[in-house]
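So you can see what is in the structure, the chains are spelled out below.
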Amino acid sequence: MADPLSDLWRVDTSDFQDSDSLQSILTSILRSVPDAMIVIDDSGVIMAFSLAAETLFGYKASDVVGKNINCLMTETDRVHHDQYIRNYLVTGERQIIGIGRIVEARLANGDSIPVELKIGEAAIGDRKLFTGFIRDITERQANIHRISELQAEIGNFSRLSAVGTMASAMAHELNQPLTAVANYLEAARDMLDAPSADDLAMVQEALTAAAEQSIRAGQIVRRLRDYVSRGELDLRPVDLKAVIDDAVTIAKVGIDGPLARVVVRMEDPEVRVLADRLQLRQVFANLIRNAIEALSETETPQIWIHTRHADGETAIQVRDNGPGLSEELIHSPFDAFQTTKANGMGLGLSICQTIIEAHGSTIEVSSQPGAGAAFTFTLRTAIEVTE
Ligand code: ADP
């Protein structure tokens, strides 16, 4: 039977008079292949180690060829690796071959670094060889981390600056009617010191004017609230899973100590919902961040994000196994400026409510002391139009 891979080999084998020539071709490949490349046999023993592998690991090929590949692994992988190969040879079940994975590599100087490992497999007669290509991704990971930090900073900054702008606009606009109300009321009080019939008519006028001004103040507050909730809503079909994944990353940035395990279970992982992507991400980020912070003292901290579908709607729940909402918050948790945190602003939940209401829905919470809190809301499922 023709070797299906023979097409890959364009060298005229008659050029090789002896195995030495073939050996020198293979050596030159090992010296020039740009990624670190390691070939092992089916018992895990290193057969070839490329020049780039020498540079990456800090070993000479002669130090490691003939040794078990597990000398390049961290403790956790080392103990299991021989078993992995045996399992694969017996069951044929691929866990990493052809898939690729991020693993930790142990260098000659004892450091460990994250690497991307891709494994190919070759059969020579009855025996199998495995070729690993290894790429240092320390820098890539640092960049990803930096990007997610920046995203979080931008998210937080825009939230704070929106709140800051709103607060100063509100203070400015409200100042006028409130000053007018105070002036009218003071004038009315003074006129009541020794009131004549004429004065009483003027008191009535002053009180009417004060009432008008306070209604104007109310209108300003309402206008600002509408601006925040509806102003810039950009409703589109949004990939819900991508939004949740981004929010989980953002919510975890800057948290010290052990992080809660986040379990995302979606009835349809490909669902798209009608939402403003950035605002929805803010809702998830706030809820997840709150849950992570609430779980700081919980023994096996867990957060579950579940989604289900019915009647054109997607129901979403963010639940944790933390202490639940405190006594003072349980009755009106979405009111602004309530916080139990030393550095909290008490705005996260109120922003979530404003955003979800702007999407035409409501957000609810159920909470049991000691058994966690669960926030639930629904969004319209986007219907894909197929031509
Ligand atoms: P902040 O996070 O600034 O305090 P929030 O409005 O986001 O503002 O939250 C208000 C309060 O609600 C928090 O201080 C906390 O006490 C409580 N809270 C929010 N989410 C949870 C949760 N998952 N578990 C327990 N308490 C929570």
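Preceding this section is the structure that the text describes.
Residues numbered from 1 in each chain as written. Predicted model: local features only at pLDDT ≥ 70, side-chain atom pairs only at ≥ 80, totals over all residues. Heavy atoms only, no water.

Engineer: Mind showing me how you'd approach the packing of aromatic side chains here?
Structural biologist: Aromatic ring pairs: the centre-centre distance and the angle between the two ring planes describe each pair. Tallying each qualifying case throughout the model produces three aromatic pairs. Summarising the aromatic geometry, the rings of phenylalanine 49 and phenylalanine 57 are spaced 6.0 Å apart at their centres and angled 50° between planes, so their arrangement reads as tilted. Judged on exposure class, the residue phenylalanine 49 and its partner phenylalanine 57 are both buried. The interplanar angle of 55° and the centroid separation of 5.8 Å between the aromatic rings of phenylalanine 284 and phenylalanine 377 together place this pair among those described as tilted. Taken together, the residues span a long stretch of sequence, with phenylalanine 284 in helix H8 (residues 277–294) and phenylalanine 377 in strand E12 (residues 372–380) at a distance of 93 residues. Here the two residues phenylalanine 284 and phenylalanine 377 agree in accessibility, since each one is buried. (Phe/Tyr/Trp six-rings, centres within 6.5 Å; stacked < 30°, edge-to-face > 60°. Buried < 20%, exposed > 50% of the residue type's maximum accessible area, 1.4 Å probe, protein only. Helix = DSSP H or I, 4+ residues; strand = E, 2+ residues; numbered from the N terminus.)

Engineer: Would you mind going over the site of the ligand with me for this structure?
Structural biologist: Close to the ligand lie 19 residues, the nearest being Asn290, Thr339, Thr340, Lys341 and Leu349. Measuring from an oxygen atom of the ligand, one finds a side-chain N or O atom of threonine 340 at 2.4 Å. Burial of the ligand by the protein amounts to 92% of the accessible area it has alone, namely 540 Å². Among the secondary structure elements, those contributing two or more residues to the shell around the ligand are H8, helix H9 (348–358) and E12. With three residues, H8 is the largest single contributor of residues to the shell around the ligand. Taken together, the residues of the shell around the ligand break down into nine nonpolar, eight polar and two charged. (Near = heavy atom within 4 Å. Polar contact = N/O pair within 3.5 Å; in protein donor to acceptor, adjacent residues only side chain to side chain. Areas by Shrake-Rupley, 256 points an atom, 1.4 Å probe, with all protein chains shown as cover. Nonpolar A, V, L, I, M, F, W, Y, C, P; charged D, E, K, R; others polar.)

Engineer: I keep staring at the environment of isoleucine 38 and nothing clicks. Help me out?
Structural biologist: Summarising the element assignment, isoleucine 38 is placed in strand E1 (residues 36–41). Residue isoleucine 38 is classed as buried on the basis of its relative accessible area, which comes to 3%. A sequence separation of 95 residues divides isoleucine 38 from phenylalanine 133, and the C-alpha atoms of the two residues are 6.7 Å apart. Excluding its chain neighbours within four sequence positions, the residues that come into contact with isoleucine 38 are Ile46, Ala48, Phe49, Ala53, Phe57, Ile69, Leu72, Phe130, Thr131, Gly132 and Ile134. (Contact = heavy atoms within 4.5 Å.)

Engineer: Just to check I follow, could you spell out the pattern of salt bridges for this structure?
Structural biologist: Two side chains carrying opposite charge are able to pair once their charged atoms lie near each other. Applying the stated criterion to the full structure yields 10 salt bridges. Taking the shortest distance from any N to any O, the salt bridge between arginine 135 and aspartate 35 comes out at 2.9 Å. One end of the pair, arginine 135, is in strand E5 (residues 127–136); the other, aspartate 35, is in the loop between helix H1 (19–32) and E1, with 100 residues separating them in the sequence. A relative accessible area of 42% places arginine 135 in the partly exposed class. Linked through salt bridges whose partners overlap, the residues forming this network are Asp41, Asp42 and Arg127. (Salt bridge = Lys/Arg side-chain N within 4 Å of Asp/Glu carboxyl O.)

Engineer: Just to check I follow, could you spell out the nonpolar core for this structure?
Structural biologist: Side chains of a nonpolar character, in soluble globular proteins, are inclined to be buried together. In this structure, Phe284, Ile303 and Phe377 are the most contacted members of the largest nonpolar core, which totals 41 residues. Secondary-structure elements contributing two or more residues to this core are helix H7 (240–252), strand E7 (261–266), strand E8 (272–275), H8, strand E9 (302–310), strand E10 (313–320), H9 and E12. The biggest single contributor to this core is H8, with eight residues. Among residues more than four places away in sequence, those in contact with isoleucine 303 are Ala260, Arg261, Val262, Val263, Ile288, Ala291, Ile292, Leu295, Val318, Arg319 and Asp320. Ile69, Ile96, Val103 and Ala105 belong to the second-largest nonpolar core, a separate cluster that totals 27 residues. (Core = buried A, V, L, I, M, F, W, Y, C linked by side-chain atoms within 4.5 Å.)

Engineer: Explain the sheet that holds strand E2 (residues 46–49) here, please?
Structural biologist: Within a beta sheet, neighbouring strands are joined by backbone hydrogen bonds and run either parallel or antiparallel to one another. The strand order across the open sheet formed by five strands is E2-E1-E5-E4-E3, and the pairing between neighbours is antiparallel. Looking at strand neighbours, the two that pair on one side only are E2 and strand E3 (101–106), the edges of this open sheet. The average undirected angle you get between the axes of adjacent strands in this sheet is 35°. Across six bridges, E3 lies against strand E4 (residues 112–124) in antiparallel orientation. The residue of E4 that forms the bridge with arginine 101 is leucine 117. (Pairing = 2+ DSSP bridges. Axes fitted to C-alpha atoms, helices over the stretch in contact; angles between N-to-C directions.)

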